[in-house]
Amino acid sequence: MKKILILVAAVLMGVASCADSKQAMTVTVTNPLALERTGEMVEVPMSDVVAKLKLADTAQIVVLDADGQQVPYQVTYDEKVIFPATVKANGTATYTIQPGAPEAFNVIACGKYYPERLDDLAWENDLVGFRAYGPALQARNERGFGYDLFTKYNTTEPILEALYAEELNPEKRAKIAELKKTDPKAAAELQRAISYHVDHGYGMDCYAVGPTLGCGTSALMEGDTIVYPYCYRTQEILDNGPLRFTVKLEFNPLVVRGDSGVVETRVISLDAGSYLNKAVISYTNLKETMPVATGLVLREPDGVTMADAANGYITYVDPTTDRSGGNGKIFVGAAFPAQVKDAKVVLFQEKEKKERGGADGHVLAVSDYEPGSEYTYYWGSAWDKAAIKTAEAWNEYMSQYAQKVRTPLTVAY
């Protein structure tokens, strides 16, 4: 009798094993480049996962690597399962998606809207932080056109919410106002203690934007003239971690070739482990094909730049707002999955230099935008106080990034 029970148990286990194997989806990720891809986000439509695994609406899933260890994942606003994949040069890696209870994942990529700071929209991942300026700033006639950035080091945790909380602390700001009347030195010390323009050990805002394209903003061009966008009009956060932050920004109508009804929309996403955001730009009511430029503001006429149209990237080494070097150097750049028509340094004439807050020019990558299409590129930054120390290392990162977006990982299942 005991032997029969053992045989029945073995059969049941075999049946269960077969059932489990039917409810597992093998995802093969192939790298066609002779570069290792580490922690690069791949996407699988959730509809395919549901169909393959025959999932109920309430079912949970896990993503496993080749060793059977859980891999962090996220289901995005557009119904994709994303997870970081590591694939050797010219190699493949396999992952498994199956029903199960996922572990708790640390939030790495996230952001927030700050109406209390003139409608800032700020976001970050484990490496970098960024912000876009909002309507309250524009209403005050402050000229902040492009993307701003926050440097980050000594931590992979989110820091921006804490930086904003200190910067905007109402009690401390009231105290500073009082001290200015009686003890200006103490007021300055307290101001410095709460300011995110000072490095308190995790990063800071030491980048100047002004009425320029800042850190990789795009804009239409009329001949050689940039049609500068201003601050966003509306914002909608679509993804807020743990692995991807996505926001949709819509802008006030632009006057383009006499037409005042051209509206720009941007969908910006930042993944964990990347120095660069993905930007997908579209213009409604545009009647003809026009040049579109992505720019990096220059704060010195003879700065260290790279403008490589053939290989699809531009870079600049920014001196930061502290020209003495105390804040180090900021590396900024943009990479392009499609062919770039032209990449160049354009310096301002003296009159335009004054109009642009003293900036010296831009590094520009110029392409064509066709009405009804989408213009996609990647932009971002690094800091020499963190992992990337030299312009050579940054240019190598950007060159490889451009190769990767032009030759993406392939996913099969």
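This text gives an overview of the structure that appears in the document. This one's a predicted model, so the numbers in the text were calculated from it and none came from an experiment.

Procedures and definitions
Residues numbered from 1 in each chain as written. Predicted model: local features only at pLDDT ≥ 70, side-chain atom pairs only at ≥ 80, totals over all residues. Heavy atoms only, no water. Helix = DSSP H or I, 4+ residues; strand = E, 2+ residues; numbered from the N terminus. 1 Å grid on protein atoms, 1.4 Å probe; cavity = no way out; pocket = protein on both sides within 12 Å on 5 of 7 lines; lining within 4 Å. Points joined across faces, edges and corners; volume = space filled by probe spheres on them. Nonpolar A, V, L, I, M, F, W, Y, C, P; charged D, E, K, R; others polar. Salt bridge = Lys/Arg side-chain N within 4 Å of Asp/Glu carboxyl O. Buried < 20%, exposed > 50% of the residue type's maximum accessible area, 1.4 Å probe, protein only. Axes fitted to C-alpha atoms, helices over the stretch in contact; angles between N-to-C directions. Parallel < 35°, antiparallel > 145°, perpendicular 65-115°, else oblique. Left-handed = near helix turned anticlockwise from the far one by under 90°. Contact = heavy atoms within 4.5 Å. Core = buried A, V, L, I, M, F, W, Y, C linked by side-chain atoms within 4.5 Å. Pairing = 2+ DSSP bridges. Phe/Tyr/Trp six-rings, centres within 6.5 Å; stacked < 30°, edge-to-face > 60°. Lys NZ or Arg CZ within 6 Å of the ring centre and 35° of its normal. Expected span 1.5 Å × (residues − 1). Polar contact = N/O pair within 3.5 Å; in protein donor to acceptor, adjacent residues only side chain to side chain.

Our focus in this paragraph is unusual backbone geometry. The residue after Gly-241, namely Pro-242, is reached through a cis peptide bond having omega 10°. Secondary-structure assignment places Pro-242 in the loop between strand E13 (232-240) and strand E14 (244-251). Despite not being glycine, Glu-79 shows a phi value in the positive range, around 60°. Residue placement: Glu-79 occurs in the loop between strand E4 (74-75) and strand E5 (80-87). Look at Asn-90: it is not a glycine, yet its phi comes out positive at around 50°. Relative to the assigned elements, Asn-90 resides in the loop between E5 and strand E6 (92-99).

The next point concerns the layout of surface pockets. The volume enclosed by the largest pocket comes to roughly 1000 Å³. Considering the residues around the largest pocket, the lining is formed by 35 residues, among which Met-41, Arg-244, Asp-271, Lys-278 and Tyr-378 are closest to the centre. Looking at the lining of the largest pocket, the elements that each hand over two or more residues are strand E2 (37-45), E14, strand E16 (259-271), strand E17 (276-284) and helix H8 (391-406). Taken together, the residues that form the lining of the largest pocket break down as 16 nonpolar, eight polar and 11 charged.

The next point concerns the pattern of salt bridges. Across all of its chains, the model carries 24 salt bridges by this definition. Residue Glu-43 pairs with Arg-244 through a salt bridge whose shortest N-O separation is 2.9 Å. Within this pair, whereas Glu-43 is found in strand E2, its partner Arg-244 is found in strand E14, the two being separated by 201 residues in sequence. Judged by its relative accessible area of 31%, Glu-43 falls in the partly exposed class. A relative accessible area of 9% means that Arg-244 is categorised as buried. When the shortest N-O distance is used, the salt bridge between Lys-152 and Glu-124 registers 2.8 Å. In this pair, Lys-152 sits in the loop between strand E10 (148-150) and helix H4 (160-167) while Glu-124 sits in strand E8 (residues 120-124), placing the two residues 28 residues apart along the sequence. For the pair Lys-152 and Glu-124, a shared accessibility class is recorded, and that class is buried. One salt-bridge network, held together by shared partners, links Glu-43, Asp-78, Lys-80, Arg-244 and Asp-271.

Here we take up the packing of helix H5 (residues 170-182) against helix H6 (residues 184-194). Running from N to C, H5 and H6 cross one another at 155°; their axes reach a closest spacing of 7 Å. Between H5 and H6, the angle is such that the two are roughly antiparallel. H5 and H6 meet at a crossing whose hand is left-handed. The segment H5 lies against H6, with Lys-172, Arg-173, Lys-175, Ile-176, Leu-179, Lys-180 and Thr-182 engaging Pro-184, Ala-186, Ala-187, Leu-190, Gln-191 and Ile-194. Across the contact of H5 with H6, the residue classes break down as seven nonpolar, two polar and four charged.

Counting residues in each nonpolar core, the largest one holds 81 residues, and the members touching the most others are Trp-123, Leu-220, Tyr-283 and Trp-379. Those residues within four positions of Trp-379 in sequence are excluded, and the remaining contacts are Trp-123, Phe-130, Tyr-147, Cys-215, Gly-216, Ile-268, Tyr-275, Leu-276, Asn-277, Ala-279, Gly-333 and Ala-334. The next biggest cluster of nonpolar side chains, apart from the first, holds 21 residues, and it includes Val-29, Leu-55, Ile-61 and Tyr-73.

Taken in spatial order, the four strands make up an open sheet running E3-E6-E1-E25, and their pairing is antiparallel. Single-partner strands in this sheet number two, and they are strand E3 (61-64) and strand E25 (410-412). The sheet shows a mean angle of 25° between the axes of neighbouring strands, direction not considered.

On to the sheet that holds strand E7 (residues 110-114), then. Taken in spatial order, the four strands line up as E7-E8-E9-E10 in an open sheet, and their pairing is antiparallel. Looking along the sheet, the strands with just one partner apiece sit at the ends: E7 and E10. The mean angle between the axes of side-by-side strands here comes to 20°, regardless of whether they run parallel or antiparallel. Strand direction decides the pairing type here: E7 and E8, joined by five bridges, are antiparallel. Across the sheet, Tyr-113 pairs through a bridge with Leu-121, a residue of E8. Packing of H4 onto the sheet brings it into contact with E7, E8, strand E9 (129-132) and E10, and relative to E8 it is tilted by some 140°.

By convention here, two paired aromatic rings are described through the distance between centres and the angle between planes. Going through the model one piece at a time under the given rule, you end up with 23 aromatic pairs. Where Phe-83 meets Tyr-95, the ring centres are 5.2 Å apart and the plane angle is 55°; that geometry is what we call tilted. One end of the pair, Phe-83, is in strand E5; the other, Tyr-95, is in strand E6, and 12 residues separate them in sequence. Measuring from ring centre to ring centre gives 5.6 Å for Trp-394 and Tyr-397, while their planes differ by 10°; the resulting arrangement is stacked. Here the residue Trp-394 and the residue Tyr-397 both occupy positions in helix H8, the gap between them amounting to three residues, near one helical turn. A cation over a ring is seen here: Arg-356 above Tyr-228, with NZ or CZ 3.9 Å from the ring centre.

What follows is about the environment of Val-87. Tracing the sequence through the fold places Val-87 in strand E5. If we skip the residues at most four places from it in the chain, Val-87 touches Val-29, Asn-31, Glu-36, Arg-37, Thr-92, Ala-93 and Leu-409.

Below, the discussion takes up H5. Over its 13 residues, H5 runs 19 Å from end to end, which matches the ideal 18 Å to within 8%, given 1.5 Å per residue. Its side-chain oxygen placed 3.1 Å from the backbone nitrogen of Glu-171, Asn-169 serves as the N-cap of H5.

Right, let's talk about the side chain of Ser-195 for a bit. Position of Ser-195 relative to the elements: it lies in the loop between H6 and strand E11 (215-222). Contacts of Ser-195, omitting those with residues within four sequence positions, involve Glu-167 and His-200.

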